[in-house]
Amino acid sequence: MARVLTVSDSVVVNADALSLYELISDPTRMGAWSPENLGATLRGDRESAFLGMEFDGHNKRGRAQWTTRCTVTAADAGKLFEFRVHKIGLSTPRIPAAIATWQFRFSPVPGGTRVTETWTDDRRGWPDLAAELFDKVATGGKTFADFQRGNIRKTLLNFKSVVEQEVSGVEGSTG
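Residues numbered from 1 in each chain as written. Predicted model: local features only at pLDDT ≥ 70, side-chain atom pairs only at ≥ 80, totals over all residues. Heavy atoms only, no water.

**Quick look at the overall build of the chain**
- Along its length, the chain carries 3 helices and 7 strands.
- In the chain, the succession of helices and strands from N to C terminus is β-α-β-β-β-β-β-β-α-α.
- Buried residues in the chain amount to 42% of all 175 residues.
- Within the chain, counting contacts between residues at least 6 apart in sequence, those at least 24 apart form 49% of the total.
- Total accessible area on the chain is roughly 9500 Å²; 54% of this is exposed by carbon and sulfur atoms.
- When the 22 positive and 21 negative side-chain charges of the chain are each reduced to one mean point, those points stand 6 Å apart. (Helix = DSSP H or I, 4+ residues; strand = E, 2+ residues; numbered from the N terminus. Buried < 20%, exposed > 50% of the residue type's maximum accessible area, 1.4 Å probe, protein only. Contact = heavy atoms within 4.5 Å. Areas by Shrake-Rupley, 256 points an atom, 1.4 Å probe, with all protein chains shown as cover. Lys, Arg positive; Asp, Glu negative; His and termini not counted. Charge placed at Lys NZ, Arg CZ, Asp CG, Glu CD.)

Structure follows, in structure tokens:
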């Protein structure tokens, strides 16, 4: 069976697309909803996301921790945020490697915004058998596609919960 190279999932969040984009496009906040990411360190100053912006993502799975270098490849406010993971290391990303591309699309729908998260495996040069063996060791027996499918679902549900709690907290507050 051929390796699955792309998986995605969606959730409708009760908020406008631009507000959701602003949250997702700030990689320092990703740790608030991702089951694996602990946040990020921006490389340089930023007011908002821009094409070519770089950041180092800090990650943890079980006892393993690592850092990745990421570059923003799409930054269309309220519509699309995408970044490519292209370096990896323990505390500093030193090893160049095509790893993955993460994409977030925002589509207005009745009741809010559909947020679609997509993971694409950029390890195209790896033979399927090598990728399968590595994936099973790194994920506790799953392919990365199956593993990321679960992570995406958790991330989207956590994101929805955090955003909607913040929105209801703001609406429920009395100045």
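**Looking at the sheet that holds strand E6 (residues 95-109)**
- Strand order in the open sheet formed by 7 strands is E1-E7-E6-E5-E4-E3-E2, with antiparallel pairing between adjacent strands. Lying at the two open borders of the sheet, with one neighbouring strand each, are strand E1 (6-13) and strand E2 (37-42). Sheet twist, expressed as the mean angle between neighbouring strand axes with direction ignored, is 25°.
- Contacts from helix H1 (residues 17-24) reach E1, strand E4 (64-76), strand E5 (80-89), E6 and strand E7 (112-121) within the one sheet, and its direction differs from that of E6 by about 160°. (Pairing = 2+ DSSP bridges. Axes fitted to C-alpha atoms, helices over the stretch in contact; angles between N-to-C directions.)

**Thoughts on the pattern of salt bridges**
- Per the counting criterion, the structure on display carries 12 salt bridges.
- Taking the shortest distance from any N to any O, the salt bridge between glutamate 36 and arginine 61 comes out at 2.7 Å. With glutamate 36 in the loop between H1 and E2 and arginine 61 in strand E3 (residues 54-61), this pair connects stretches of sequence that are 25 residues apart. Here glutamate 36 matches arginine 61 in class, with each residue buried. (Salt bridge = Lys/Arg side-chain N within 4 Å of Asp/Glu carboxyl O.)

**Examining helix H2 (residues 128-139)**
- The end-to-end C-alpha distance of H2 is 16 Å, a good match for the 16 Å that 12 residues give at a rise of 1.5 Å each.
- Within H2, the full set of buried residues consists of Ala131, Asp135 and Thr139. Each buried residue of H2 lies within a common arc of 35° when the element is viewed along its axis, so the set occupies one face. Residues of H2 that are exposed and angled more than 90 degrees away from the buried face: Leu129, Leu133 and Val137.
- Positive backbone phi, approximately 80°, marks glycine 140, located one or two places after H2. (Expected span 1.5 Å × (residues − 1). Arc of directions from axis to C-beta.)

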